[in-house]
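# Commentary on secondary and tertiary structure
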Amino acid sequence: MKSVIVSLVFCFFLNVAFTQKDLSISGYIYDAKSGESIIGAKVFDDSLKVGAVTNTYGFYSFTLPPGLHNIIFNAFGLDPQNIEINLTKDTTININLSSTDLQLDEVQVNANKGEFIKSSQLGQIELEVEKIKTLPAFMGEVDIIKTIQLLPGVSSASEGGQGFYVRGGGPDQNLVLLDEATVYNASHLFGFFSVFNVDAIKSVNLIKGGMPANFGGRLSSVLEVNMNEGNNKSFHIKGGIGAIASRLTFEGPLKKDKGSFIVSARRTYIDAIMKVAISDTSPFFGTSYYFYDMNAKFNYKLGPKDKIFLSGYYGRDQFIYANKKDDFSVKMPWGNGIASARWNHVFNPKLFLNTSLTFTDYQFSFGSNQDEFQFKLQSGIRDYGAKMDFSYFPNNRHKIKYGANYTFHIYTPTNVSAKQDTIVFDTGEIQRILGHESGIYIMDEFAVNEKLLINAGLRYSMYQHTGPFKRFVKDDISNPDSVIQYNKGDLIKSYGGFEPRLSMRYLFKNYSSFKAGYSFNYQYVHLASISAVSLPTDIWYPTTDIAKPEQGFQISAGYFKELFKNKFEGSIEVYYKGLNNLVEFKDGAQPADNVSDNTDNLLTYGKGRSYGAEFFLKKISGNLTGWVGYTWAKTERIFAEINDGNPFPAKYDRRHDLSIVGSYKLNERWTFGAAFIFATGNTLTLPSSYYTQDGEVVFKFGSRNSTRMADYHRLDVSATWYCKTEKTIINPETGENITVKKKFKSNWSFGIYNIYNRANPYFLYVDNDGDLLKGDFKITVKQVTLFPIIPSVTWNFEF
Amino acid sequence: MKKIFYLVFILPVVFSCTKEVKIDIPDYEEQIVVDGNIETGQPPFVILSRSKDIYAPTDLNSFLNGFISGAEVYVNDGTTTYQLDEVCSDELPPGFESFAAEIFGVPESEVSNYHLCAYTKLDGSIVGEVGKTYTLTVNFEGKTYTAETKIVNPTPLDSTYFKLANNATDKGFSYAQLTDPPGFGDSYFWEAKRINKNSDGQEKDSYFTPTYAPVFDDQFINDITFEFYFENPVRDPDLPSEYRGYFKVGDTVVIKFSKLDKDVYEYMDSKYIQLQSGGSPFSTPTNVKSNIKGGALGVWAGFSPSYDTIVCQP
C-alpha cells in the first residue's frame, strides 16, 4: 500500500513540473458507423508534418503554433478527413471517420504510411483483426495467437500449441492483457485454441523487443488485446457456425452516441459429437469435452472529458474421461474469469489519465476416481489490481507517460486431496502464497531532431511476499525438517529494482530507419512445467522467500525500410537476450503433494540466453497482401542441477523458422489465403540407453533436450466467399431498378489445414514391447502426430 | 498417489496417430549395471550386466550376452568382508537349473547353453540380519564400484484379508491394515504370489511379483493406522482377461511386505515412476536413481520382509 501512495505523490509532482507552451489540438477519433473509438489512427498537420497517433482509447494530443492549419485525420479502412482550422487557443476536435467504397488497400496504405519506420518502438507488430479473418484458420476457428505465431521471433510450443515463445523466452514470459487485465492461461482445449473470440476483439498489439516502461512484470513480450466497445448507433448481431464451435455477438447503444455494449459468446460442441460417437455400451461412454467463453463490455461517456469502460471475460474448459473397464474417470475443468473497470479522464488537452481496476481469476482442477480411490488437485491464481497511467503531451518534442500500478496476488499453486473409500489421506493444508506487486514508471519519447527520436524510460518495481505462510525448510527433499510459521501480514521477503528501458530511432532520407533498444525487466512469477508440451497442468508459482524473481535483459537493433513505393515494408532485427532465475522442476519431481513441503522446494534455478536475427518482408497494398518472416535463433538454458551444469538447448530452441503468409482478393466475392510454415524440430529428452533390473527394462535418458525431432512444415489454405451485399429493387415511386445494400451480410469460409498431409512430430517416445526372454522384445522410437489434413467450413453472418 | 498424476498425460493423445521413426539420440555410454540384494535370512546375491544403446539388437542372444562374468565381488557386514563366489549357469551342480532359469529368466533347458554368472555365498557364512549395514564392493576391468544398504527393522502388517470387487462374486483384491510407526522415513514394498496348486500339482506362482505401484513411503500416512488394497500383480497368461488384476475366490496368496532403507526406496520409487510413465514426454525424464558409487547403474538393496497369507474367500 505504501508503494501505491508513493507512486501517486510522484505522479502529482510530475504534473506540476511541466509547463504549457504551445497550443494543443486534442480529442477522440471515432468510427462514424459504429461510434467506436479508433486505436492507432493518425492525426497530422499536412504542411508541418507533425502529428500524433491515437492511444488505446482513441485519444490524441499534439501541439501546433497558432495560425491556420490543415489537419488530416486518417485510420485503417476508413476515408481520411481534412479540417481547416485557425488555431488561437487549445482546441478539442472529436472526429467521426466513415468508410466509402474506396479501395480498402489504398486507404490502408495512407493510414499506415511511415509509422513502421518512424516509431521508436522496435519489434512491435499490430495486427488488423479483419485481415486475420481472411487467413487460414485451424478447424475454421480464427485465432489471433495462431496468427501471432506466424510472425518472426514468435514460435509455437508444438503442433497446434497455444503457448507462444518470443525470442527464446518461455510462454510465461509474455504479458497477455485483455483490456488491461492479465490473462494467465490464454488457451482452450489443451492449447489448441486461444481464449480470444475474434468477434469480440478490436485490436491486437504485440511488443517483442524493447518493452516500454509502462509495461512490466514479464520478461519477453506484451500482447495487448483490446475488446470491441460495441456499436453506439444501432443494434447488430453477428455470429458464425463452424465445424466444432459456434459464436454469437450482440451489440448496440446503451444511449445513442453516449454509450454502448457488446456481448459475445462461443461454445464448442465436441461433447455432442462424442455423445453420438461413443455408444453407451462402450467403456469410454461419458468421455466428453467442451469449452465456452463469454465476453461483455460496456462503455459510457460521462461528459466530454470522462469515459468509463467495464469489460468482462469468463471461460471454462471441461474435460471428462471415463473408462469403465478400468473403473477409472478423470474430470478436468479449467478457465479464466477476468474483469476490468476503466475511467478515462482528460484533465486538459495535454494531459490524459486512464485509471483501471482489474481482476483476474484462473482456476485449474484435476480430479480422478479409480475404483474407490479419489484424487483431486487444484491450482489457481487470483489478482486484484489497480493502476493509473498518465499521458502528457507538453510539446511536439516530448510525449511523456508516467504512472503507477499495484496488484495483490493470491496464488494456490497446488492443493491436493485424496481419499480411499472412507479413509481421507493427510495431504497437508492448502498452501496459499500472497504477493504484493507494484511499480512506478516514467518515460519520455523525445524528438531530438527530425531524424533522431529517443524513448527513455525508467521503471521501479517491487514485490513483497507476505504471510500467512508455512515454510518447510529442507536440506533434503524426502525428510521433513523445521517449519517456519509466518502470520497474517508478516513481511517474509521483499524484492525490488530499477528497470531501465531505452530505444532510439534514426531516420534516413531513403524511407528507412535504424532502431536500437535496451530493456531490463523483472518478473515476479514463474511457470513450472513438468511436460514437454504446454498443458494446463503447468503450475504458476510466484516469487517467494526462496524463489527469486526472474530477471531479463534484451539488446536489439534493426534496420527498417519501405520498399517499392511503400507497397512493402522490410526489416532486419537482431537481438541478444539474457535471462536469470528461471525455474525447472528438479529431475523426477512431481508436483503432487503439499505434505510438509512447498512446491518451490522442488524447483531448481538457472539461466538462459537467446540470440537471433529476424527478417521480415510485408506486402501491405494491392490485392495480394501478406508477409515472409524468417528467424535464425539459438536458445540455451544453464541449470546447475541439470545436465551437470552444462548448457542445453531450450525445448523450443529453433535454428530456422520460416513463415510465408498471403491473402489474395480476387474480387468482391472471393478472397483466398495461404500460410506455409517451416521450423526446425523441437528438442526433447529421450532414453539413449537401456538396461535390465530384476527382469524389467529400465531406460537411461540422454542429456536434457539432446534429441531433436524432425523438422516441422505445413501448408494451410483458405477461401472466403462473400455473399452479395447488394440487391436490386424497384423504386415504387419511379418504377426504376435501384441497387440497395443488404442489411444481412454473410460469408462462407472454407479451409484446409495441412493440405499435403505432413505427419509433423508432436512428440516422440520410446516404446518397448514383447518379452526379453522369448526373443520378440523390441525397442522402438515412435513419433506421435496430431493433425492430418483437416478441412473445415464456417458460415459467418452479420446484420 | 503419483501414479494417478501420470494418467492426465495420456489424455491429449486422443486424436493422434503414431509411427516408428529412426532418429539420432545422442549421449550413449556403456555402463556397468549392478542388480544386487540381501534380505533377512538370505545370502547376498549380485548380478552384473552392461547397459546398451537404445538401438542395440534386442534378441535373446544379445540380451544374455549382456551379463558380466569375471568380476571380484565383496560384501562387508560391518565386521567381516566376504568375497562372493561366481556361480555360472554352465557349471551348475545338477538340480540348480530351475533356480538359475528363474534368476536370469532363461528357459530351464537353455541354462547350460550360456555362461550366465551371479555372485553369491551359498555356504551360509553370510546371511542378512536385521539392523546390519552391508557394504558391496565390485572390482571389474580396473574399476571399483561400491554401495551400502541396511536391513531396517520390519513393520509387519496388522492384518490382511480378501474382499470381493464391486458387483463381483468370484474375484477381488487383497486388503491390509498397517500401522505406520512414528517418525517419517518408513518405506514399504509389496509383492505377492499365489501358492494354491495348479492341476499339475505345482504352485500357481513360483516367485513373488511386485504390484503395479509396489512402493510407498509414509509422507501421507505417518503414524496412522489405515487400510489399503492391492491388485493381483501376476501377469498370468492362462487367466481370462476379465480376471486379470484380480485374485479368484479359492486362491491362497502370500504377501511379502518388505521395508526398505531410504536410498533403496528412492531407487524403487524412481524405477516404478519410469516404468509407469513409459517414456512419456508429458513427464519430466526420470532416470532411475542408483545407490552405487563409482559410475555404475543399478542398486544394492537390503530387504526386511514380513509375510502374511490370505485365503481368498468372501
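Each chain carries its own residue numbering, running from 1 in the direction its sequence is written. Labels are handed out in written order, letters beginning with A for the chains and numbers beginning with 1 for the ligands. Thresholds applied to this predicted model are a pLDDT of at least 70 for local features of residues and 80 or more for the giving and counting of side-chain atom pairs; totals over whole chains, interfaces and linings are not thresholded and use all residues.

## Examining the overall build of chain A
Applicable threshold: Helix numbers and strand numbers start at the N terminus; a helix is a DSSP run of H or I with at least 4 residues, a strand a run of E with at least 2. The size measure is the radius of gyration over C-alpha atoms, and the globule rule it meets is 2.2 Å times the number of residues to the 0.38 power. Whether a residue is buried, exposed or partly exposed follows from its count of other C-beta atoms within 10 Å of its own C-beta, namely 20 or more, 12 or fewer, or something in between, respectively; the C-beta atoms are built from the backbone. A pair of residues counts as a contact when their C-beta atoms, built from backbone coordinates, are separated by no more than 7 Å.
A tally of regular secondary structure across chain A gives six helices and 53 strands. A compact globule built from 799 residues would reach a C-alpha radius of gyration of about 28 Å, and chain A, at 28 Å, matches this within 12%. Each of the three principal axes of chain A carries a C-alpha extent, and together these read 90 × 65 × 50 Å. Across the 799 residues that make up chain A, the buried fraction comes to 48%. Look at the contacts in chain A between residues 6 or more apart in sequence, and 66% of them connect residues 24 or more apart.

## Overview of the pairing of strand 5 (residues 72–76) of chain B
Every regular strand shows the same layout, with side chains that alternate between the two sheet faces. All names here are of chain B. Threshold: At least two bridges found by DSSP between two strands are what make those strands a pair.
Only one face of strand 5 is covered, namely the face carrying Val73 and Val75; the face carrying Glu72, Tyr74 and Asn76 is uncovered. Pairing geometry for strand 5 and strand 9 (residues 133–140), over five bridges, is antiparallel. Counted as the bridge partner of Val75 is Leu136 from strand 9. Summarising the sheet, strand 5 and strand 6 (residues 81–83) pair through three bridges and their orientation is antiparallel. Across the sheet, residue Asn76 finds its bridge partner in strand 6, namely Thr81. What sits between the antiparallel neighbours strand 5 and strand 6 is a turn of four residues, in which Gly78 has the positive phi angle 105°.

## Some details on unusual backbone geometry
All names here are of chain A. The step from Gly467 to Pro468 runs through a cis peptide bond, and the omega angle for that step is 5°. Its place among the elements puts Pro468 in the loop between strand 29 (452–466) and strand 30 (469–472). For Glu180, which is not a glycine, the phi torsion comes out positive at approximately 75°. Structurally, Glu180 can be placed in the loop between strand 12 (174–178) and strand 13 (181–182). Despite not being glycine, Asn581 shows a phi value in the positive range, around 60°. Within the secondary structure, Asn581 sits in strand 37 (residues 568–585).

## Topic: the sheet that holds strand 3 (residues 51–53) of chain A
Residues and elements named next belong to chain A. Selection rule: Fitted lines through C-alpha atoms give the axes, limited to the stretch in contact for helices. The angle between two N-to-C directions lies from 0 to 180 degrees.
In spatial order, the strands read 3-2-5-6; together these four strands make up an open sheet with antiparallel pairing. Of all strands in the sheet, those bounded by a partner on one side alone are strand 3 and strand 6 (81–87). Taken pair by pair, the neighbouring strands of this sheet meet at an average axis angle of 20°, ignoring direction. The pairing of strand 2 (residues 42–45) with strand 3 spans three bridges and is classified as antiparallel. Of the residues in strand 3, the one forming a bridge with Lys42 is Val53.

## Description of the environment of Ile201(A)
All names here are of chain A. With respect to the helices and strands, Ile201 occurs in strand 16 (residues 201–207). Ile201 gets classed as buried once you count the C-beta atoms within 10 Å, which come to 20. As a C-alpha pair, Ile201 and Asn295 span 94 residues in sequence and 9.4 Å in three-dimensional space. With near-sequence residues (within four places) excluded, Ile201 lies in contact with Val129, Ile144, Phe196, Val225, Met227 and Asn228.

## A word on the nonpolar core
How we decide: We define a nonpolar core as a collection of buried residues of the types Ala, Val, Leu, Ile, Met, Phe, Trp, Tyr and Cys that are connected via C-beta atoms lying within 7 Å of each other.
In this structure, Val34(B), Val46(B), Leu48(B) and Met268(B) are the most contacted members of the largest nonpolar core, which totals 82 residues. Those residues in contact with Met268(B), other than ones at most four positions away along the chain, are Phe189(B), Val215(B) and Leu260(B). With 49 residues, the next largest nonpolar core counts Val142(A), Leu178(A), Val195(A) and Tyr652(A) among its residues.

## Quick notes on helix 4 (residues 262–277) of chain B
Residue and element names in this part refer to chain B. Definition in use: Multiplying 1.5 Å by the helix residue count minus one yields the expected span of that helix.
Between its terminal C-alpha atoms helix 4 stretches 22 Å, which fits the 22 Å expected from 16 residues at 1.5 Å a residue. A large share of helix 4 lies buried, amounting to twelve of its 16 residues. Along helix 4, the positions that sit buried rather than exposed are Asp263, Val264, Tyr265, Glu266, Tyr267, Met268, Asp269, Lys271, Tyr272, Ile273, Gln274 and Ser277.

## Observations regarding the confidence of the model for chain B
Detailed reading of the predicted coordinates is not advisable wherever pLDDT is low. Residues and elements named next belong to chain B. Applied cut-off: The quantity called pLDDT is the predictor's confidence in a given residue, expressed from 0 to 100.
A residue-level look at chain B finds 92% of positions with pLDDT of 70 or above and a mean pLDDT of 86. Within the model, pLDDT remains below 50 along residues 1–15, and this stretch shows 32 contacts once partners closer than five positions in the same chain are excluded. Predicted as a complex, the structure gets a pTM of 0.83 and an ipTM equal to 0.90.

## Structural notes on the sheet that holds strand 9 of chain B
Residue and element names in this part refer to chain B. Across the sheet, which stays open at both edges, the four strands sit in the order 6-5-9-10 with antiparallel pairing between neighbours. The strands lining the two open edges of the sheet, one partner per strand, are strand 6 and strand 10 (143–150). Mean inter-strand twist for the sheet, computed between neighbouring axes without regard to direction, equals 20°. Relative to strand 10, strand 9 is paired through eight bridges, and the arrangement is antiparallel. Counterpart to Phe140 in the pairing with strand 10 is Lys143.

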